[in-house]
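# Remarks on the overall topology
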Amino acid sequence: MEKFSRTLRGYNPEEVNEFLDKIIKQVETIVSESKEKDLKIATLEQQIETSKHKLETYEKMEQTLNRAILMAQKTSEQIKLNAHDESELIINDAKQNANRIVNEALMRAEKTERYRWSSTWSCKWDGSNRFIDKLTVYKNQKIIIKTIIKKYKYNVIKGRKK
(Lines give C-alpha, C1' and ligand atoms only; values in the text may rest on other atoms or scores of the structure.)
Protein backbone atom coordinates (compact mmCIF):
# COMPACT_ATOMS: atom_id res chain seq x y z
CA MET A 1 0.00 0.00 0.00
CA GLU A 2 1.29 3.40 -0.96
CA LYS A 3 1.83 6.05 1.75
CA PHE A 4 1.58 9.72 0.95
CA SER A 5 3.10 12.62 2.82
CA ARG A 6 0.78 15.18 4.41
CA THR A 7 0.51 18.73 3.37
CA LEU A 8 -1.57 21.64 4.48
CA ARG A 9 -4.78 20.54 2.91
CA GLY A 10 -4.36 16.75 3.03
CA TYR A 11 -2.06 14.59 0.97
CA ASN A 12 0.59 15.82 -1.43
CA PRO A 13 -1.16 16.21 -4.81
CA GLU A 14 1.97 15.43 -6.86
CA GLU A 15 2.49 12.12 -5.14
CA VAL A 16 -1.19 11.24 -5.52
CA ASN A 17 -1.13 12.14 -9.21
CA GLU A 18 2.01 10.09 -9.78
CA PHE A 19 0.40 7.21 -7.98
CA LEU A 20 -2.78 7.53 -10.04
CA ASP A 21 -0.75 7.67 -13.29
CA LYS A 22 1.03 4.52 -12.24
CA ILE A 23 -2.29 2.78 -11.48
CA ILE A 24 -3.78 3.95 -14.77
CA LYS A 25 -0.82 2.51 -16.68
CA GLN A 26 -1.13 -0.80 -14.82
CA VAL A 27 -4.89 -0.98 -15.46
CA GLU A 28 -4.35 -0.13 -19.14
CA THR A 29 -1.71 -2.86 -19.35
CA ILE A 30 -4.04 -5.34 -17.65
CA VAL A 31 -6.95 -4.38 -19.96
CA SER A 32 -4.70 -4.63 -23.02
CA GLU A 33 -3.39 -8.05 -21.94
CA SER A 34 -6.95 -9.16 -21.20
CA LYS A 35 -8.07 -8.11 -24.70
CA GLU A 36 -5.11 -9.95 -26.25
CA LYS A 37 -5.92 -13.06 -24.25
CA ASP A 38 -9.61 -12.81 -25.19
CA LEU A 39 -8.60 -12.51 -28.85
CA LYS A 40 -6.25 -15.48 -28.50
CA ILE A 41 -9.00 -17.50 -26.77
CA ALA A 42 -11.44 -16.66 -29.57
CA THR A 43 -8.85 -17.69 -32.17
CA LEU A 44 -8.14 -20.96 -30.35
CA GLU A 45 -11.86 -21.68 -29.98
CA GLN A 46 -12.30 -21.12 -33.70
CA GLN A 47 -9.35 -23.45 -34.40
CA ILE A 48 -10.92 -26.05 -32.11
CA GLU A 49 -14.22 -25.83 -34.01
CA THR A 50 -12.41 -26.12 -37.33
CA SER A 51 -10.45 -29.10 -36.01
CA LYS A 52 -13.66 -30.73 -34.75
CA HIS A 53 -15.24 -30.27 -38.17
CA LYS A 54 -12.18 -31.73 -39.90
CA LEU A 55 -12.14 -34.63 -37.44
CA GLU A 56 -15.80 -35.38 -38.18
CA THR A 57 -15.05 -35.26 -41.90
CA TYR A 58 -12.09 -37.61 -41.51
CA GLU A 59 -14.11 -39.99 -39.35
CA LYS A 60 -16.81 -40.11 -42.05
CA MET A 61 -14.12 -40.73 -44.66
CA GLU A 62 -12.68 -43.51 -42.51
CA GLN A 63 -16.10 -45.15 -42.20
CA THR A 64 -16.63 -44.88 -45.95
CA LEU A 65 -13.21 -46.38 -46.66
CA ASN A 66 -13.82 -49.21 -44.20
CA ARG A 67 -17.13 -50.01 -45.90
CA ALA A 68 -15.41 -49.88 -49.29
CA ILE A 69 -12.67 -52.23 -48.08
CA LEU A 70 -15.23 -54.68 -46.72
CA MET A 71 -17.17 -54.54 -49.97
CA ALA A 72 -13.97 -55.12 -51.95
CA GLN A 73 -13.11 -58.11 -49.76
CA LYS A 74 -16.57 -59.59 -50.21
CA THR A 75 -16.42 -58.98 -53.95
CA SER A 76 -12.97 -60.54 -54.11
CA GLU A 77 -14.16 -63.63 -52.26
CA GLN A 78 -17.19 -63.90 -54.56
CA ILE A 79 -14.97 -63.57 -57.63
CA LYS A 80 -12.66 -66.30 -56.30
CA LEU A 81 -15.64 -68.55 -55.59
CA ASN A 82 -17.09 -67.94 -59.05
CA ALA A 83 -13.71 -68.55 -60.69
CA HIS A 84 -13.31 -71.79 -58.77
CA ASP A 85 -16.81 -72.93 -59.77
CA GLU A 86 -16.16 -71.98 -63.37
CA SER A 87 -12.83 -73.81 -63.36
CA GLU A 88 -14.59 -76.92 -62.04
CA LEU A 89 -17.12 -76.67 -64.86
CA ILE A 90 -14.35 -76.23 -67.43
CA ILE A 91 -12.42 -79.20 -66.04
CA ASN A 92 -15.52 -81.39 -66.03
CA ASP A 93 -16.35 -80.31 -69.57
CA ALA A 94 -12.77 -81.03 -70.65
CA LYS A 95 -12.94 -84.49 -69.05
CA GLN A 96 -16.20 -85.22 -70.84
CA ASN A 97 -14.75 -84.03 -74.14
CA ALA A 98 -11.62 -86.08 -73.55
CA ASN A 99 -13.70 -89.16 -72.80
CA ARG A 100 -15.78 -88.56 -75.93
CA ILE A 101 -12.66 -88.08 -78.05
CA VAL A 102 -11.05 -91.18 -76.58
CA ASN A 103 -14.21 -93.23 -77.13
CA GLU A 104 -14.51 -92.00 -80.71
CA ALA A 105 -10.86 -92.80 -81.32
CA LEU A 106 -11.28 -96.27 -79.82
CA MET A 107 -14.37 -96.89 -81.97
CA ARG A 108 -12.51 -95.74 -85.09
CA ALA A 109 -9.53 -97.86 -84.17
CA GLU A 110 -11.81 -100.81 -83.59
CA LYS A 111 -13.56 -100.26 -86.94
CA THR A 112 -10.21 -99.93 -88.66
CA GLU A 113 -8.98 -103.03 -86.92
CA ARG A 114 -12.12 -104.97 -87.91
CA TYR A 115 -11.71 -103.81 -91.46
CA ARG A 116 -8.04 -104.80 -91.50
CA TRP A 117 -8.83 -108.12 -89.88
CA SER A 118 -11.53 -108.83 -92.41
CA SER A 119 -9.21 -107.87 -95.26
CA THR A 120 -6.43 -109.93 -93.68
CA TRP A 121 -8.64 -112.98 -93.31
CA SER A 122 -9.89 -112.56 -96.83
CA CYS A 123 -6.30 -112.76 -98.14
CA LYS A 124 -5.40 -116.03 -99.68
CA TRP A 125 -2.84 -118.07 -97.95
CA ASP A 126 0.16 -118.23 -100.15
CA GLY A 127 2.27 -120.12 -97.72
CA SER A 128 4.38 -117.16 -96.72
CA ASN A 129 4.53 -115.39 -93.40
CA ARG A 130 2.85 -112.21 -94.73
CA PHE A 131 -0.35 -112.96 -92.86
CA ILE A 132 1.48 -113.28 -89.56
CA ASP A 133 3.52 -110.16 -90.34
CA LYS A 134 0.33 -108.15 -91.07
CA LEU A 135 -1.31 -109.46 -87.91
CA THR A 136 1.72 -108.43 -85.82
CA VAL A 137 1.77 -104.95 -87.42
CA TYR A 138 -1.93 -104.47 -86.66
CA LYS A 139 -1.50 -105.56 -83.06
CA ASN A 140 1.42 -103.15 -82.61
CA GLN A 141 -0.57 -100.32 -84.18
CA LYS A 142 -3.47 -101.05 -81.83
CA ILE A 143 -1.14 -100.92 -78.82
CA ILE A 144 0.39 -97.64 -80.04
CA ILE A 145 -3.05 -96.06 -80.60
CA LYS A 146 -4.26 -97.11 -77.15
CA THR A 147 -1.08 -95.74 -75.56
CA ILE A 148 -1.48 -92.40 -77.36
CA ILE A 149 -5.13 -92.19 -76.28
CA LYS A 150 -4.27 -92.98 -72.66
CA LYS A 151 -1.55 -90.30 -72.63
CA TYR A 152 -3.94 -87.76 -74.17
CA LYS A 153 -6.67 -88.61 -71.67
CA TYR A 154 -4.21 -88.38 -68.75
CA ASN A 155 -2.92 -84.99 -69.95
CA VAL A 156 -6.42 -83.59 -70.41
CA ILE A 157 -7.50 -84.76 -66.94
CA LYS A 158 -4.37 -83.32 -65.32
CA GLY A 159 -4.85 -80.05 -67.19
CA ARG A 160 -1.78 -80.37 -69.41
CA LYS A 161 -2.11 -80.00 -73.15
CA LYS A 162 0.62 -81.45 -75.28
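A quick note: this is a predicted structure, and the numbers were derived from the prediction, not measured.

## Considerations on the overall build of the protein
Within the protein one finds two helices and two strands. Walking the protein from its N terminus toward its C terminus, one meets helices and strands in the order β-β-α-α. Within the protein, buried positions represent 6% of all 162 residues. Accessible area of the protein: about 14800 Å², with a carbon and sulfur share of 58%.

## Considerations on the pattern of salt bridges
Per the stated rule, a full pass over the model turns up three salt bridges. Of the charged contacts in the structure, one is a salt bridge between Glu 49 and Lys 52, with a shortest N-O distance of 3.9 Å. Remark: Lys 52 and Glu 49 occur in helix 1 (residues 13-122); sequence separation between them is three residues, near one turn of the helix. Residue classification places Glu 49 among the partly exposed residues on the basis of a relative accessible area of 48%. Given the relative accessible area of 44%, Lys 52 is considered partly exposed. Linking Arg 100 and Glu 104 is a salt bridge whose minimum nitrogen-to-oxygen distance equals 3.2 Å. Taken together, the residues span about one helical turn, with Arg 100 and Glu 104 both in helix 1 at a distance of four residues. By relative accessible area, which is 33% here, Glu 104 ends up partly exposed.

## Structural notes on the environment of Ala 94
Mapped onto the fold, Ala 94 is located in helix 1. Accessibility expressed as a relative area gives 26% for Ala 94, which makes it partly exposed. Separated by 62 residues in sequence, Ala 94 and Val 156 place their C-alpha atoms 6.9 Å apart.

## Structural notes on the confidence of the model for the protein
Within the protein, residue pLDDT values average 83, and 80% of them lie at 70 or more. Looking across the protein, the model is least confident in strand 1 (residues 6-7), with a mean pLDDT of 68, and most confident in helix 1, with 89.

## Some details on a negative patch on the surface
Among the surface-exposed residues, Glu 14, Glu 15, Glu 18 and Asp 21 lie close enough to one another that they form a single negatively charged patch. Mapped onto the elements, Glu 15 comes out in helix 1.

Criteria and cut-off values
Residues numbered from 1 in each chain as written. Predicted model: local features only at pLDDT ≥ 70, side-chain atom pairs only at ≥ 80, totals over all residues. Heavy atoms only, no water. Helix = DSSP H or I, 4+ residues; strand = E, 2+ residues; numbered from the N terminus. Buried < 20%, exposed > 50% of the residue type's maximum accessible area, 1.4 Å probe, protein only. Areas by Shrake-Rupley, 256 points an atom, 1.4 Å probe, with all protein chains shown as cover. Salt bridge = Lys/Arg side-chain N within 4 Å of Asp/Glu carboxyl O. pLDDT = per-residue confidence, 0-100. Patch = residues over 30% accessible without salt bridge, like charges linked within 9 Å, V, L, I, M, F, W, Y side chains within 5 Å. Lys, Arg positive; Asp, Glu negative; His and termini not counted. Charge placed at Lys NZ, Arg CZ, Asp CG, Glu CD.

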